[in-house]
Amino acid sequence: MKKEFLARFLVILFILIAVAIPFAGQWLFSRNKTDIIELHARMPENGGWSIDQIDAEVNEPIHLRMTSDDVVHGIAIGKSDLPGVDIFPGEFVETTFVFDRPGQYTFYCTRWCGPNHWRMRGTIDVSGEGRPLQPEPQPLFVTLDIDIDSPPIAETVPTEQVSAERGANFASLLPTYAIDRTTYLSTSPAVLWMRLRAESALSNLSDQDIWDAVAWIWQGQTTPANLENGQRLYAENCAACHGETGKGDGVMARNNPVWDPGNHNMDKSSDSFTGEGFVRPRDFSDPKNLLGTSSALLEGKIIRGGMGTGMPYWGPIFTSQQIEDLISYLFTFAWDATSEANLD
Ligand code: HEC
Ligand SMILES: [Cu+2]
């Protein structure tokens, strides 16, 4: 009697389980389907990201299931520390992003998939409670009204290799404005050199002494750790066009025509400018270029980009600290170049 009851009970139980399994599967599956966003990465020429706008809520994870339809890509979120993920063709990879502040974020490709690689960008609109991503303060190039499309050439450059170490010897002689951070941000090394050269208190110093002092001032605006960070960001994001040594000879740009303001197809103020011409960037390792340029100008160019010249805009990608580190690193090209023979 007891045995028979048990047997019947087991049969019913098995039937229930058999019926329940597909339902449970379906339930789990449909949940996954609504929670997971499938994202295909493709080169811009092949259509770019299959989805370029995603809505999200603060503190609610978004799950991405990603694959590539062509070459290797990667994904990362601008202005955030969330680790990036590589996306390989023929494979699916999953990742989860959580945002703790509302605002508009940019997701972007992290692998050099072609000359238009940097155009692989999309936005994630995060709504909800919390301190929003601050609206950016006005960049200095706007406040100072600097024309970032006509970068100046240094009126004077060093004739020997500069040494920030030697420059430290003159620190106590320098007027306070020279070591002021605002001066560093808004003034080019060459303009500061000319101001210092005109100081009667420094008339005993040689031209080279003053260059060394200026190099020391520039060095004092950063740290070895920040420079290292700038170097890494440069290698990952900029060297493909600007070249490892800043000469403008990276694989993505070395065959482009050199910027020529007399050529109307390149002159942005002319009616015939198509805004599509890629140019070869200026040589950062020629001291005439960067030593004539202020940090504010470089920041403006990096944030806003070159409008049709092929120079991407990085405003939504980098934090202000990252941009600062990149600028500090760019200036090292100019100082290092003073050791080369291309001084004239
Ligand atoms: C796709 C190619 C490309 C990439 C990638 C690129 N640049 Fe450029 N960049 C250019 C071109 C072309 C110019 C020159 C056109 C212009 O100034 O408008 C330029 C100009 C600049 C200038 C203005 C310099 C001057 O003296 O005129 C700065 C600064 C700069 N880039 C920094 C960067 C940094 C930093 C990165 C990486 C985060 C970067 N660029 C990545 C192509 C690129
Ligand atoms: Cu890509």
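All figures in this text were calculated on a predicted structure; none of them were measured in a lab.

Q: Would you mind going over the site of ligand 1 with me for this structure?
A: The local shell around ligand 1 holds 24 residues, among which Cys238, Cys241, His242, Arg282 and Met311 are the closest. A distance of 2.7 Å separates a nitrogen atom of ligand 1 from a polar side-chain atom of His242. In this structure, Arg282 approaches ligand 1 through a side-chain N or O atom, which is 2.7 Å from an oxygen atom. At the level of elements, α8 (239–242), α10 (295–304) and α11 (320–337) are the ones that each hand at least two residues to the shell around ligand 1. A per-element tally of the shell around ligand 1 places α10 first, with 3 residues. Residues that form the shell around ligand 1 fall into these classes: 16 nonpolar, 5 polar and 3 charged.

Q: Explanation requested: the packing of helix α5 (residues 189–197) against helix α6 (residues 207–219) in the structure shown.
A: How two helices sit against one another is set out by the angle between their axes and by the gap between those axes. Two elements in contact, α5 and α6, have axes whose closest approach is 10 Å; the angle formed by their N-to-C orientations is 130 degrees. For the element pair α5 / α6, the angle class is oblique. Viewed along their axes, α5 and α6 form a crossing whose handedness is right-handed. On α6, the residues touching Pro189, Ala190, Leu192, Trp193, Leu196 and Arg197 of α5 are Asp207, Ile210, Trp211, Val214, Ile217 and Trp218. A per-class count over the contact of α5 with α6 returns 10 nonpolar, no polar and 2 charged.

Parameters at a glance
Every residue gets a number counted from 1 within its own chain, in the order that chain's sequence is written. Chain A is the first chain written and ligand 1 is the first ligand written, with later ones labelled in order. Selection of residues for local features in this predicted model requires a pLDDT of at least 70, selection of side-chain atom pairs for listing and counting requires 80 or more, and totals for whole chains, interfaces and linings are taken over all residues. Side-chain figures throughout are based on the complete set of non-hydrogen atoms in the structure, without hydrogens or water. The near set for a molecule or strand comprises every residue that places at least one heavy atom within 4 Å of it. For the purposes of these results, a polar contact is taken to be a pair of N or O atoms within 3.5 Å, where, inside protein, one atom must be able to donate a hydrogen and its partner to accept one; residues adjacent in sequence count only when each atom of the pair is a side-chain atom. Secondary structure is summarised from DSSP: a helix means a run of H or I of at least four residues, a strand means a run of E of at least two, and numbering begins at the N terminus for each. Under the scheme applied here, ten amino acids are nonpolar (Ala, Val, Leu, Ile, Met, Phe, Trp, Tyr, Cys and Pro), four are charged (Asp, Glu, Lys and Arg), and all others, including Gly, are polar. The axes used here are C-alpha line fits, helices contributing only the stretch in contact, and every angle between their N-to-C directions lies in the interval 0 to 180 degrees. Geometric relationships in this document are graded by angle, where less than 35 degrees denotes roughly parallel, more than 145 denotes roughly antiparallel, 65 to 115 denotes roughly perpendicular, and other angles denote oblique. Less than a right angle of anticlockwise turn of the near helix away from the far helix marks a crossing as left-handed, whereas a clockwise turn marks it as right-handed. Contacts are assigned to residue pairs that have any heavy atoms within 4.5 Å of one another.

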